[in-house]
Each structure stands twice: as C-alpha cells, then as structure tokens.
Amino acid sequence: MALSPELYGTPASRLDSFVAQWLQPNREWKEEVLEAVRSVEQFLRAETFQGEDGLDQEVQVLKVVKVGSFGNGTVLRSSAEVELVVFLSCFHSFQQEAKHHQAVLRMIWKKLWTCQDLLALGLEVLGVLQGVPDALTFTIQTRGTAEPVTVTIVPAYRALGPSVPNSQPHPEVYVSLIKANGYPGNFSPSFCELQRNFVKHRPTKLKSLLRLVKHWYLQYVRAKCPRAMLPPLYALELLTIYAWEMGTLEDESFRLDEGLTTVMELLQEYELLCIYWTRQYTFENPIIEDCVRKQLQRERPIILDPADPTHNVAEGYRWDIVAERARQCLKQDCCYDSQGNPVSGWNVKRARDIEVTVEQWGYPDLILSVNPYEPIRKVKEKIRRRQGCSGMQRLSFQKPNGEWQLLSSRSSLAYFGIFSNTCISLLETIASEIQVFVKNLGGESHAYAIDPKTFILSLKQQIEDKQGMLRNQQQLEFRGQVLQDWSTFGSYGIEDSDTLILSQRNVRRVPFLHS
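Since this is a predicted model, take the numbers as computed values, not measurements.

Novice: Got a minute to help me understand the overall build of the protein chain in this structure?
Specialist: Broken down by element type, the protein chain carries 14 helices and 18 strands. Computed over C-alpha atoms, the radius of gyration of the protein chain comes to 30 Å, more than 25% over the 24 Å expected from 2.2 N^0.38 for 515 residues, which places it beyond the range of a compact globule. Counted over contacts in the protein chain with a minimum sequence separation of 6, partners at least 24 positions apart contribute 66%. For the protein chain, the exposed surface amounts to about 25,200 Å²; the carbon and sulfur share of it is 47%. Where the 57 positive side-chain charges of the protein chain centre and where its 60 negative ones centre are 2 Å apart.

Novice: Even after reading the chapter, I still don't get the packing of helix α9 (residues 233-248) against helix α10 (residues 256-268), so can you show me in this structure?
Specialist: Packed helices, taken two at a time, are described by their axes: the angle between them and the distance between them. Between α9 and α10, the least distance of the axes is 10 Å, while the angle of their chain directions is 115°. Crossing hand, α9 versus α10: right-handed. Here L236, L239, T240 and A243 of α9 lie close against α10, whose contacting residues are T262, V263, L266 and L267. Here the contact of α9 with α10 is composed, by residue class, of six nonpolar, two polar and no charged.

Novice: What should I look at first to understand the nonpolar core in this one?
Specialist: Judged by nonpolar contacts, the single largest core of 81 residues is most densely connected at V40, L44, F138, I140, F191 and I383. It is helix α2 (residues 27-46) that provides the largest number of residues to this core, a total of eight residues. Beyond its immediate sequence surroundings of up to four residues, I140 is in contact with A36, V37, V40, L121, G122, L123, E147, P148, V149 and V151. The next biggest cluster of nonpolar side chains, apart from the first, holds 54 residues, and it includes Y8, L76, V199 and A314.

Novice: Can you help me understand the sheet that holds strand β1 (residues 48-49) in this one?
Specialist: By definition, the strands of a sheet pair up through backbone hydrogen bonds, in either a parallel or an antiparallel sense. Here we have six strands laid out as an open sheet, ordered β1-β2-β3-β6-β5-β4, and mixed in their pairing. At either end of the open sheet lies a strand with only one pairing partner, and these are β1 and β4 (124-129). The sheet strands contacting helix α4 (residues 94-112) are β1, β2 (59-67), β3 (81-88), β4, β5 (135-141) and β6 (148-156), and the helix crosses β6 at an angle near 145°. Where helix α7 (residues 192-200) meets the sheet, it contacts β2 and β3, and its direction lies at approximately 20° from that of β2.

Novice: How do you make sense of the packing of aromatic side chains when you look at a structure like this?
Specialist: Two measures describe an aromatic ring pair: the distance that separates the ring centres and the angle between the ring planes. Tallied over the entire structure, the rule returns 15 aromatic pairs. With 5.0 Å between their ring centres and 90° between their planes, F94 and Y157 make a pair best called edge-to-face. On the criterion of sequence distance, the pair formed by F94 in helix α4 and Y157 in the loop between β6 and α6 (171-180) is long-range, its members being 63 residues apart. The residue whose ring lies beneath R202 is F198, and the NZ or CZ to ring-centre distance is 4.6 Å. One Lys or Arg, K205, reaches over the ring of F254 and ends 5.1 Å from the middle of that ring.

Novice: Which parts of the structure should I look at to understand the layout of surface pockets?
Specialist: Any empty space left between atoms is shown by rolling a water-sized probe over those atoms. In this model, the second largest pocket occupies a volume close to 420 Å³. Looking at the second largest pocket, it is lined by 18 residues, and the ones nearest its centre are R293, Q398, K399, P400 and T422. Elements with a minimum of two residues in the lining of the second largest pocket: α11 (286-296), β11 (392-398) and β13 (422-429). Residue contributions to the lining of the second largest pocket peak at four residues, all from α11. Of the residues contributing to the lining of the second largest pocket, the split by class is seven nonpolar, six polar and five charged.

Novice: I keep staring at the pairing of β13 and nothing clicks. Help me out?
Specialist: Where burial is concerned, most of β13 is hidden: six out of the eight residues are buried. Two elements, strand β9 (residues 354-359) and β13, share four bridges in a ladder whose sense is parallel. From the neighbouring strand, V356 faces β13, where its bridge partner is T422. Alignment of β11 against β13, held across five bridges, turns out to be antiparallel. If you follow S396 over to β13, its bridge partner there is S425.

Novice: Could you clarify how one ought to interpret the pattern of salt bridges in this entry?
Specialist: Once the charged atoms of two side chains with opposite charge are near each other, the side chains can pair. Tallying each qualifying case throughout the model produces 24 salt bridges. Among the ionic pairs, K66 bridges to E41, the shortest N-O distance being 3.5 Å. Taken as a pair, K66 in strand β2 and E41 in helix α2 lie far apart in primary sequence, 25 residues in all. Taking the shortest distance from any N to any O, the salt bridge between K294 and D290 comes out at 3.2 Å. Here D290 and K294 lie together in helix α11, a separation of four residues that amounts to about one turn. What makes K294 partly exposed here is its relative accessible area of 48%. Here D290 falls in the partly exposed class, since its relative accessible area comes to 36%. Each member of the salt-bridge network shares a partner with another, and the members are R202, E245, E250, R279 and R352.

Novice: Sorry if this is basic, but what is going on with the packing of α6 against α11 here?
Specialist: For the pair α6 and α11, the least separation of the axes is 9 Å and the interaxial angle reads 55°. Considering their axes alone, α6 and α11 lie oblique with respect to each other. For the element pair α6 and α11, the recorded crossing hand is left-handed. Of the residues in α11, those touching α6 at P171, Y174, V175, I178 and K179 are I287, I288 and C291. Looking at the contact of α6 with α11 residue by residue, the class counts come to seven nonpolar, no polar and one charged.

Novice: Mind showing me how you'd approach the pairing of β2 here?
Specialist: Both faces of the sheet carry side chains from a regular strand, because those side chains alternate between them. Where β1 and β2 come together, two bridges link them in antiparallel fashion. When the sheet's bridge partners are listed, F49 is paired in β2 with V59. As judged from the six bridges shared by β2 and β3, these two strands associate in the antiparallel manner. Paired with K66 across the bridge in β3 is L84.

Novice: For this particular structure, what's the right way to read the sheet that holds β11?
Specialist: Within the open sheet, the five strands sit side by side as β10-β9-β13-β11-β12. Their pairing is mixed. Edge strands, defined here as strands with exactly one partner in the open sheet, are β10 (366-370) and β12 (404-406). The average undirected angle you get between the axes of adjacent strands in this sheet is 35°. The strands that helix α13 (residues 376-387) touches are β9, β10, β11 and β13; relative to β10, the one it contacts most, it runs at about 140°.

Cut-offs applied
Throughout this description, residue numbers start from 1 for each chain and increase along the sequence as written. Only residues with pLDDT of at least 70 are given local features in this predicted model, and only at 80 or more are side-chain atom pairs given and counted; all residues enter the totals for whole chains, interfaces and linings. Hydrogens and water are ignored here; the side-chain numbers use all heavy atoms of the structure. Secondary structure follows DSSP: runs of H or I at least 4 residues long count as helices, runs of E at least 2 residues long count as strands, and numbering of each begins at the N terminus. The globule rule is 2.2 Å times the number of residues to the power 0.38, and the radius of gyration it is compared with is taken over C-alpha atoms. We call two residues in contact when some of their heavy atoms are within 4.5 Å. Surface exposure here means Shrake-Rupley accessible area, sampled with a 1.4 Å probe, where a residue is shielded only by the protein chains that are shown. The sign given to each residue is positive for Lys and Arg and negative for Asp and Glu; His and the chain ends receive no count. Working definition for charges: the position is that of NZ of Lys, CZ of Arg, CG of Asp or CD of Glu. Lines fitted to C-alpha atoms define the axes here, with helix axes fitted over just the stretch in contact, and angles between the N-to-C directions of these axes take values from 0 to 180 degrees. Handedness of a helix crossing follows the sense of rotation of the near helix relative to the far helix, less than a right angle counterclockwise being left-handed and clockwise being right-handed. Only Asp, Glu, Lys and Arg are considered charged, only Ala, Val, Leu, Ile, Met, Phe, Trp, Tyr, Cys and Pro nonpolar, and every remaining residue, Gly among them, polar. Among buried residues, those of type Ala, Val, Leu, Ile, Met, Phe, Trp, Tyr and Cys that are joined through side-chain atoms within 4.5 Å constitute a nonpolar core. Relative accessibility decides the category of a residue: with a 1.4 Å probe and only protein chains considered, values under 20% of the type maximum give buried, values over 50% give exposed, and everything between is partly exposed. For two strands to be treated as a pair, DSSP must find at least two bridges joining them. Side-chain rings of Phe, Tyr and Trp, where Trp is taken by its six-membered ring, are said to pair if the distance between their centres is within 6.5 Å; with planes under 30 degrees apart they count as stacked, over 60 as edge-to-face, and otherwise as tilted. Geometrically, a lysine NZ or arginine CZ counts as sitting over a ring once it is within 6 Å of the ring centre and also within 35 degrees of the ring normal. Definitions used for this entry: grid spacing 1 Å over protein atoms alone; cavity, a set of points where a 1.4 Å probe fits but cannot get out; pocket, an open set with protein on both sides within 12 Å along at least 5 of 7 lines; lining residue, one with an atom within 4 Å of a point. Grid points are joined across faces, edges and corners, and a volume is the space filled by probe spheres set on the points. What makes a salt bridge here is a side-chain nitrogen of Lys or Arg within 4 Å of a carboxyl oxygen of Asp or Glu, nothing more. What sets the label is the angle itself: under 35 degrees gives roughly parallel, over 145 gives roughly antiparallel, 65 to 115 gives roughly perpendicular, and the rest give oblique.

Structure (structure tokens):
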C-alpha cells in the first residue's frame, strides 16, 4: 500500500480529497477486519466462563458492543485496532464490577487458548493493558491479507439494562454511578453505547473532520511523543464535535480547512476549555447536579464525557504538548488558502453561554445569557440596561459550602468556577454603604446594604421588612458576639462582605394579671 502524503504538505483546498483518498477506509479492508473480529465475538457469546477468585457462579456474556473508531464509524484506513465491551452476567452493580474485574480478565485470558478459530488466526495474547479501566489485549490476523488486528476486551456492568433507550437513562443509573465512587472513567464502559451513538449518528462531513483531526493527532503528536501522557482520542473527538456544534450551529455543509483551523485554535487555549453536554444527564436530580457542578469547578481543560458525568476525559494529560503541535500545524499549508492567507476558524467560545438569574429583593428576577469568560463589569452593564440601576451594583453568589462571595467587576464567572446556570444576588448601595450577608441557622443567606455608622437596629428593621421576622425576635451574632441594638456596626469591626448569623430569640412574655 502506498504511503499517504504529508498532511502538512496538502493545501487547504485539497483536504476533502486527502480524507477521501488516504483516510477513508475501503470496504474490502474493513470487512476483512470485521470478519476476523466476528470470530472473537462468536467466541465470547458462545463461551460460559467458570467462576473463580470469589466468583462462585458461571459467567455468561450478555452482550458484546464494538466501540471506538470501528463502533462509531470514524475508523482510519489501516488502523486495525478494535475495542469490544463485554457485558457479563456476574456484574449486578458497579461495586461488583470493581471487585471482580481482574478475575474476569484472567478467566477470559485462559479461555482464549481453547478457541480453535482464534488459534487458527494466529492468536497472540499481549496481556492485561493497564488503563481506565484495565483491559485484555491480543492480536489476530485477517484471513485475506494476514494483517494483524489488535483487539481490546473490556468487561463491564450492564447498567443501562437490555437495551439502550432513545431517551435519557433513568437518573437513578447515574446516582448509583456517583455513589459507587470509583476512579473517574473506570465505569465508563457501562455507558459505551451512549458514547458510541453520540458520535455514530453524526453527519458524514463531520466524520471526515474527525478523521482528519485524529490523523493529525496520531501522526504529528503521538508518533512524535510516544512516551508522553497524552490525551485519549475520545477527548479529541469530543472537542471536534463541540467545535462543529458551536461554530456552524450543526450545519452539515462546511469547509474542512475551517474546521481543522478551529480545532487547532481551541487546542492552543486548552487551559480555558470547559466543554460539557446535558443530553443524557441533567441538573434536575440534586445528586447529579452536585456532581456535575463540582466537575465544572475543577482545573481546566474540562471535557466532560456526555455519557458519564463523573469523568473529565481531559484531566491529567500533557495538553501543553498538544497545544505546541497545534501551533505548528497552523503554520502549515493545510491551514493556508490558495492566496497564501491563513484560513479563518469559526467563532467558537471556550465555554458555552449560561443562564444567570439575577435576584434582587423587591424586583422580579432578571434572566441573562452570559458567557463565563465575560468580565463581571459587562454583566453589570446588561443589568443596568435592562433594569436601570442607579446605585452601585454589588453582585454576589453562594458557594457550594453555603458562603457568599462578592463578584469583582475585574473578574469573570469563570474565575469563580461558574460554568453552568446559576443564581446571583444583586444589591444596590450608595457611596457610604457596605454589603453584609445575614445567614440563618438553616443555611439560607440574604444580602443587605448597611452604613457602618448606623445602629444594629436599622438592619433588624430591614430583616423584618424582607423576611417577616419581628425585630424583637431577632438575635444577630458576629464572630460569636451578640450584637446590641443601639451599637453601631463599626464598633464591632464589621466590614464589607462579612457574614452575620441570625437566630430567633425567646421573648419574655409579661403575664396578664386578673384583677
């Protein structure tokens, strides 16, 4: 087979031809590989594995799923690596899978040597491949060309049941995943059909872009840095899909050179990436919401698996190497037009716009569309245009631990780790006023504007107006000290954005005396 020409020497205008001629697999080769793999699938479905190492039952294969490039339809020519996820009868929970994963791998390994069909194909077991999770890997030969095919088998718990629904999985599936508290990604194979379908049903043109990006990654990144801890191909696939969705609004007609340029530009700014989808899991369940929000607050890059909310597929890898290679790619012919000008990429934000609900006492909620990387001062400008604020705007949000934090005009929501829909509190103050937060014993907090020179009683009156608790029933504390009505805030050293604790005190009742 002739060697493919260098991508870097291919003009941008020729990328479609490059993909069709050199990256798109031909049907005969693909069928040869799949025929060899069918022997593996038949072996797995036909065998009954005897339990060992704590498994006191016969183990049967419930289903075999092709995943990876062969499963989702983005395989590259001559890339004969096939990944199979095997759902087994012995796994009834994520915890059981974690407990018996290694024992099952050993059982499959032993049984491989009894399969005459696979031995006839030149079976060579390479061993257990350490990964997330661990897998069994071996090679076989195709009958036609004797080309080695690398097969990877991953045992998994069938968390989604007998069939994959078109709608979202039941939230309890993800709740049990989160409660299993496994290493991120260890249980992702249980959701492999959702992962596969997320890519598989995309337009043909997008799959061409996916092949182009993967070819670049394998040839110019992995091949050059074989020992580096580089991101998985799945992360590059998700990044490319995000670029297409946001850059073209899912248009099926686009230019490959613009798509390639866009992906390279995004890779250069990997430290700003926060990418996620909520097609399979939403924020309606509080456990799932808490899990996803915590993921989105972690160090970037963040590319959250659309099928597994516990797994940031971008975490822990040498993205700096990928970014440097992307920078080099943008200098090559494949990213320049016929006039010698750099190809322009799509306008893709490094994070999705989110919905911000602005709450202000005495006013209806204001809902804004905001990008997490917009400066807070621009958010304030939007509020002023919509609501006509005249005083100084004080915006704050409640952190997961319940504390309130002031949003500085010079910062952005991204600075505070806010990448999903959120509520913020708006308080207008005048020059002499500061903002304090009043937190009750139930954890609920409200913001108030006070003048440090005024009496504590003035705040109690605001609390009565806003929350309905009578002044004489309120007890306010600051740093363990009870605040007296006729003392000033300044006398207690209360400063801007401090938190006061509100509780209800018992009021002595004067008995009514009968004459």
